[in-house]
Amino acid sequence: MDEELAESAVRAASEVRVVIGRLRRRMRELAADDDLTPSQASVLSRLDRDGPASTSDLAAAERVRPQSMAMTVAVLDGYGFVDRHPDPTDRRRQLWSLTAAGRARLTGDRQLRQEWLARTLHERYTEAQRRTILEALALLDDVAQS
């Protein structure tokens, strides 16, 4: 028999989801005027983190149809943020990788958002409150990894 969930656990789960959603929306508002869609930004981040990938690999990782991913990478290619080249192990496959412009865009957006958040945390909260936030984040990270 399942153990009944504590009311505080249910409330915390709901609040965490809502707050993370609000924070994500706020961070998106801070992006450059020619903002990328969430899908485009996610592809840039994935290529930065994981390295070159095919359109089908990106589609599977992002859980979208290959046709949708083809449109996403075409836009990124048009911006000069990604580049296509043959797979060194299978010349029939094409891999997408991040260009210097794509990396600069990704880094610039991340830096802008991080600076805003650091400044806001500094201005609104005491040192003790910031330590509490860090402790809560460590607990949430533990949940995310379980």
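A. Representation of the pattern of salt bridges within the structure. This structure, assessed with the given rule, holds 12 salt bridges. Here Asp48 and Arg103 are joined by a salt bridge, their closest N and O atoms 3.3 Å apart. With Asp48 in helix 2 (residues 38-50) and Arg103 in helix 5 (residues 100-124), this residue pair connects regions lying 55 residues apart in the sequence. Overall, the relative accessible area of 30% leaves Asp48 in the partly exposed class. The exposure class assigned to Arg103 is partly exposed, which follows from its relative accessible area of 39%. Taken together, the salt bridges that share partners define one network made up of Arg46, Arg49, Asp50 and Glu62.

B. The environment of Ala59, seen in detail. Structurally, Ala59 can be placed in helix 3 (residues 55-62). A C-alpha to C-alpha distance of 8.4 Å links Ala59 and Ala70, two positions 11 residues apart in sequence. With near-sequence residues (within four places) excluded, Ala59 lies in contact with Val64, Arg65, Pro66 and Met69.

C. Structural view of the pairing of strand 1 (residues 82-87). Two strands pair when backbone bridges link them, and strand 1 and strand 2 (residues 90-98) are joined in this way by 6 bridges, in the antiparallel orientation. Residue pairing in the sheet places His85 in a bridge with Leu95 of strand 2. Between the end of strand 1 and the start of strand 2, which pair antiparallel, lie 2 residues.

D. Here's a closer look at the nonpolar core. Val43, Leu44, Leu47, Leu58 and Leu76 are the most contacted members of the largest nonpolar core, which has 15 residues in total. Only helix 2, helix 3, helix 4 (66-79) and strand 2 provide two or more residues apiece to this core. For Val43, the contacting residues outside a window of four places in its chain are Leu58, Glu62, Met69, Thr72, Val73 and Leu76.

E. Layout of the packing of helix 2 against helix 4. Relative orientation of the contacting elements helix 2 and helix 4 amounts to 75°, with a least axis distance of 10 Å. Classed by the angle they form, the pair helix 2 and helix 4 counts as roughly perpendicular. Contacts between helix 2 and helix 4 involve Ser39, Gln40, Val43 and Leu44 from the first element and Met69, Thr72, Val73, Val75, Leu76 and Tyr79 from the second. Of the residues in the contact of helix 2 with helix 4, the class split is 7 nonpolar, 3 polar and no charged.

F. A look at helix 4. For helix 4, with 14 residues, the first-to-last C-alpha span of 20 Å sits near the 20 Å given by 1.5 Å per residue. Residues of helix 4 that are buried in the fold lie against helix 2, helix 3, strand 1 and strand 2. Phi for Gly80, located one or two positions after helix 4, is positive at around 80°.

G. Examining the environment of Arg103 more closely. In this structure, the C-alpha to C-alpha distance between Arg103 and Leu5, residues 98 residues apart in sequence, is 44 Å. Among all residues touching Arg103, those that are not within four sequence positions of it are Asp48 and Leu98.

H. Expanded view of a positive patch on the surface. Taken together, the side chains of Arg22, Arg24, Arg25 and Arg28 present a region of like positive charge at the surface. Here Arg24 shows up in helix 1 (residues 7-29). Judged by its relative accessible area of 51%, Arg24 falls in the exposed class.

I. Looking closely at unusual backbone geometry. If you check the backbone angles, Arg63 has positive phi at about 60° while not being a glycine. Looking at the secondary structure, you find Arg63 in the loop between helix 3 and helix 4. For Arg63, a relative accessible area of 76% gives the class exposed.

Thresholds applied
Residues numbered from 1 in each chain as written. Predicted model: local features only at pLDDT ≥ 70, side-chain atom pairs only at ≥ 80, totals over all residues. Heavy atoms only, no water. Salt bridge = Lys/Arg side-chain N within 4 Å of Asp/Glu carboxyl O. Helix = DSSP H or I, 4+ residues; strand = E, 2+ residues; numbered from the N terminus. Buried < 20%, exposed > 50% of the residue type's maximum accessible area, 1.4 Å probe, protein only. Contact = heavy atoms within 4.5 Å. Pairing = 2+ DSSP bridges. Core = buried A, V, L, I, M, F, W, Y, C linked by side-chain atoms within 4.5 Å. Axes fitted to C-alpha atoms, helices over the stretch in contact; angles between N-to-C directions. Parallel < 35°, antiparallel > 145°, perpendicular 65-115°, else oblique. Nonpolar A, V, L, I, M, F, W, Y, C, P; charged D, E, K, R; others polar. Expected span 1.5 Å × (residues − 1). Patch = residues over 30% accessible without salt bridge, like charges linked within 9 Å, V, L, I, M, F, W, Y side chains within 5 Å. Areas by Shrake-Rupley, 256 points an atom, 1.4 Å probe, with all protein chains shown as cover. Lys, Arg positive; Asp, Glu negative; His and termini not counted. Charge placed at Lys NZ, Arg CZ, Asp CG, Glu CD.

These figures capture arrangement, not role.
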